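Architecture and fold: a report
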Amino acid sequence: MDVAGAVRVHRGALLGPAFLLTGDERLAEDRVDRALARLGPADDHAAAVAALVRTRGPRGAVVASGPDPWWVAPADLAAARATAAVLAGLDDAARAALVLDHEGLPADPAALARGRAALPDATAALDALLAVRRPPVRDDAAAVPRVRAHQRARRTRPLLLVAGLVVVALLAVLVPTPGPAPQAGGRFDGPTRGSLAGDEAVRYALLAAPAEGPATGRRELVFAGDLLGGRWALVAGRTERGWTGWWSAGPADGPLTPVAGPVALQPDRPAALQLDDALVVVAEPGEPVQVSTGLVVRADGTAGRDPVALPLVDGVGALRLAAPDPGGVAVQVRAGVSALPVPVTRAGDADARPAVPALAALRDGDADLGARAAAVDAALGAVAAPTGQDPATLSPQLLWAGTLPGPRGGGVDAAVLVVPQPSGALVVSTAWAARLADGSLQTIGCGTQGFKAGTDPAGLVVAVRCVVAERGTGAARATVLLTGPASTDRLPDERRDTDVVVDAGDGSTVPVGAAGTGDLLAG
């Protein structure tokens, strides 16, 4: 079959309807690849869309949502989100009917009626939703080998099924018929789930491994399966204090090794593990789970969370994060109708961050190198950590670098950093750093502030309160750093007033930012 020809003819036309079916560009690409495995260049568009509708998304895994498209007006983006929410609430048949009708193809009348009842002006709404799509992750050339892989899988699946039936028939003759299957007695002691649930070698290795921590009674293999290109497993056991869990992970087709445990498991919440940039959640089948991968800075300069539903297969889901979250400030997991917070076990070596390159300040400063690089790194980390972004993908600009007065004379190096966000908004982050007598560095953030998309960094007027404290003595000194295009001033602020403004120098006033309450990315 001419795979390259099928990709060339159909892929571009299928990405739009696939996005409407899934709500995510990368999941849409996967479904298009699966549909293309059934198509040839001679098939018409109707056959291509029909093949797409018959596909299903990848089992148990989803990539993190990407940034908002900066080129879309906030009102249009809000309307698109409303349409996406309506589509997400429809049953599969009604959603597929709307997409078929949008493509000018016949659809089931009853399903189409349900879709139109929820989305009256469907054509305009779906057109507006398509306008917020981000570009495809892969081009046609990169899609060809993926489509070929799906084709090979389709060819071998019937052979595997026949082989499996033969094995089952032989076992039915040789093995006595078992009694009734045990019923699930709780969240963690039901039947094992996952693609490796029937692998007795894996089960034996996990349950036979010595359990660290409090003595346990019988342990259960809750989950063992392949997710995100690797293998994962959760073993749970009862202790005197409740449920305890042990997580294991390993490479695809490789051995599983312990990565976390013993950890306390809450009987009314799912179990969640974050290992470097991978998140795995084991919940009850049918239990709704939402994930927020970090604060989102919107085009108007405000910040908030936009949690998304995590697709689950038999109660298990996985997510590839943009960056690790060692401090636990970016990723949040909630479950159930009441959206109860889910404790996340964190493991792995996730503290490494790329070094921040040397940056030229947009305005004059008076600091030499000193600890300035550490201050810049701290200011960038104050943005990357709560938003869950990979620091290597950010493009910070150094607004100003200089010194702030110390509590006992002298000074410390400080930096004011501008970090553009995917929405087009700007985040201004300020931090200071001091080299201590023992050679170590002390770094403290002064808070973050948001500015709407379209703001020129060179024209910013920023006021921020920095408290320079001396480690071990309690001595501290507060200063309001006011930096504008014409000058930079350090204003004594021993009262440390809240909700204050200062004169910007041109007759206007500017609010004073600070760490803590009012910090853009504090919560």
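Details of the structure are given in the entry above.
These notes cover the structure that comes with them. (Residues numbered from 1 in each chain as written. Predicted model: local features only at pLDDT ≥ 70, side-chain atom pairs only at ≥ 80, totals over all residues. Heavy atoms only, no water.)

1. Observations concerning the packing of aromatic side chains
Here is the rule: Pairing of aromatic rings covers Phe, Tyr and Trp, the last through its six-membered ring, and needs centres within 6.5 Å; plane angles under 30 degrees mean stacked, over 60 mean edge-to-face, and all others mean tilted. Put simply, a charge is over a ring when the Lys NZ or the Arg CZ is close to the ring centre, within 6 Å, and near the line of the ring normal, within 35 degrees.
Scanning all chains against the criterion turns up one aromatic pair. Arginine 219 extends its terminal NZ or CZ atom over the ring of tryptophan 246, reaching a point 5.4 Å from the ring centre.

2. Side note on the sheet that holds strand β4 (residues 242-251)
Stated formally: For two strands to pair, DSSP has to find at least two bridges joining them. Here a helix means four or more residues in a row that DSSP labels H or I, a strand means two or more in a row labelled E, and each is numbered from the N terminus. Note on geometry: axes are C-alpha line fits, over the in-contact stretch for helices, and angles between N-to-C directions span 0 to 180 degrees. The criterion used for residue contact is that any of the two residues' heavy atoms lie within 4.5 Å.
Pairing within the open sheet is antiparallel, and its four strands lie in the order β2-β3-β4-β5. Edge positions in the sheet fall to β2 (219-227) and β5 (257-265), since each has one partner strand and no second. Adjacent strand axes in the sheet meet at a mean angle of 15° when their direction is disregarded. Two elements, β2 and strand β3 (residues 230-239), share eight bridges in a ladder whose sense is antiparallel. Across the sheet, residue leucine 221 finds its bridge partner in β3, namely valine 235. Sheet strands touched by helix α9 (residues 200-208): β2, β3 and β4. Its angle to β2, the strand with the most contacts, is close to 130°.

3. Quick notes on unusual backbone geometry
Where we set the bar: Classification of residues uses two cut-offs on accessible area relative to the type maximum, computed with a 1.4 Å probe and protein chains only: under 20% is buried, over 50% is exposed, and between them is partly exposed.
One non-glycine residue with positive phi stands out, namely aspartate 276, at about 55°. When you line up the elements, aspartate 276 lands in the loop between β6 (271-275) and β7 (278-282). You will see that alanine 339, though not glycine, has its phi angle at about 55°, which is positive. With respect to the element layout, alanine 339 can be found in the loop between β13 (332-335) and β14 (340-341). With a relative accessible area of 24%, alanine 339 lands in the partly exposed category.

4. A closer look at the pattern of salt bridges
Selection criterion: Here, a salt bridge means any Lys or Arg side-chain nitrogen found within 4 Å of an Asp or Glu carboxyl oxygen.
Applying the stated criterion to the full structure yields 13 salt bridges. In this structure, aspartate 306 engages arginine 81 in a salt bridge whose closest nitrogen and oxygen atoms are separated by 3.5 Å. With aspartate 306 in the loop between β10 (303-304) and β11 (308-309) and arginine 81 in helix α4 (residues 74-88), this pair connects stretches of sequence that are 225 residues apart. Residue classification places aspartate 306 among the partly exposed residues on the basis of a relative accessible area of 30%. Judged by its relative accessible area of 34%, arginine 81 is partly exposed. A salt bridge links arginine 231 to aspartate 253; the shortest N-O distance between them is 3.8 Å. Residue arginine 231 is located in strand β3, and its partner aspartate 253 is located in the loop between β4 and β5; the two are separated by 22 residues in the primary sequence. Look at arginine 231 and you get buried, because its relative accessible area is 13%. One connected set of salt bridges, linked through shared partners, spans Arg11, Glu29 and Asp140.

5. Quick notes on the side chain of arginine 11
The line we're drawing: Residues adjacent in sequence count toward polar contacts only when both atoms are side-chain atoms; beyond that, a polar contact is any pair of N or O atoms within 3.5 Å, and within protein one must be able to donate a hydrogen and the other to accept it.
Examined against the element boundaries, arginine 11 turns out to sit in helix α1 (residues 3-22). Engagement of the side chain of arginine 11 in a polar contact is seen with the side chain of aspartate 140, the distance being 3.1 Å. Excluding residues within four positions of it along the chain, arginine 11 makes contact with Ala6, Glu29, Val32, Asp33, Leu36, Arg138, Asp139, Asp140 and Ala143.

6. What to know about the environment of arginine 334
Looking at the secondary structure, you find arginine 334 in strand β13. Judged by relative accessible area, which is 34%, arginine 334 ranks as partly exposed. Taking the C-alpha atoms as reference, arginine 334 lies 5.2 Å from glutamine 290; in sequence the two are 44 residues apart. Non-local contacts of arginine 334, meaning those with residues more than four positions away in its chain, are made with Pro288, Val289, Gln290, Ala339, Leu340, Pro341 and Val342. A polar atom in the side chain of arginine 334 sits 3.0 Å from the backbone oxygen of alanine 339.

7. Digging into the sheet that holds strand β18 (residues 426-435)
What the four strands build is an open sheet, ordered β16-β17-β18-β19; its pairing is antiparallel. The two strands at the open ends of the sheet, each matched to only one other strand, are β16 (397-405) and β19 (441-451). If you compare each strand with its neighbour and ignore which way they point, the axes differ by 20° on average. The pairing of β18 with β19 spans 10 bridges and is classified as antiparallel. Looking at β19, one finds that alanine 434 is bridged to glutamine 442.

8. Some remarks on the packing of helix α2 (residues 25-36) against helix α3 (residues 45-54)
Quick reminder of the rule: Each angle is binned into one of four classes, with values under 35 degrees roughly parallel, values over 145 roughly antiparallel, values of 65 to 115 roughly perpendicular, and all other values oblique. It is the rotation of the near helix from the far one that decides the hand of a crossing: anticlockwise by less than a right angle makes it left-handed, clockwise makes it right-handed.
At a minimum axis distance of 8 Å, the contact between α2 and α3 shows a crossing angle of 120°. Judged on the interaxial angle alone, α3 and α2 are oblique. The hand of the α2/α3 crossing is right-handed. Touching Arg31, Val32 and Ala35 of α2 are Ala51, Leu52 and Val53, all from α3.

9. Description of the environment of proline 341
Secondary-structure assignment places proline 341 in strand β14. With 52 residues separating them in the primary sequence, proline 341 and valine 289 have C-alpha atoms 9.9 Å apart. Non-local contacts of proline 341, meaning those with residues more than four positions away in its chain, are made with Arg269, Val333 and Arg334.

10. So, α1
Counting along an α-helix, one turn takes 3.6 residues, and residues three or four places apart therefore face a common direction. Rule in force here: Helix span, as expected, comes to 1.5 Å for every residue beyond the first. The bend reported for a residue corresponds to the angle between axes fitted to the seven residues ending at that residue and the seven starting there.
In this model, α1 (20 residues) spans only 24 Å end to end at C-alpha, well below the 28 Å of a helix rising 1.5 Å per residue. The axis of α1 is deflected most strongly, by about 50°, at histidine 10. For α1, the buried fraction is high: 14 of the 20 residues fall into the buried class. Two or three places before glycine 5, at the start of α1, stands the capping residue aspartate 2, its side-chain oxygen 2.9 Å from that residue's backbone nitrogen. Immediately beyond the C-terminal end of α1, within one or two residues, lies glycine 23, with a positive phi of roughly 80°.

11. Regarding the side chain of arginine 193
For the record, the criterion: Asp and Glu are treated as the negative residues and Lys and Arg as the positive ones, with His and the ends of the chain left uncounted.
Topologically, arginine 193 is positioned in the loop between α8 (140-174) and α9. Buried charge without a partner: arginine 193 forms no salt bridge, and the closest opposite charge is aspartate 314, 4.8 Å away. Separated by 2.5 Å, the side chain of arginine 193 and the backbone oxygen of alanine 283 make a polar contact. For arginine 193, the contacting residues outside a window of four places in its chain are Arg187, Val222, Phe223, Ala224, Val282, Ala283, Glu284, Pro285, Asp314, Gly315 and Val316.

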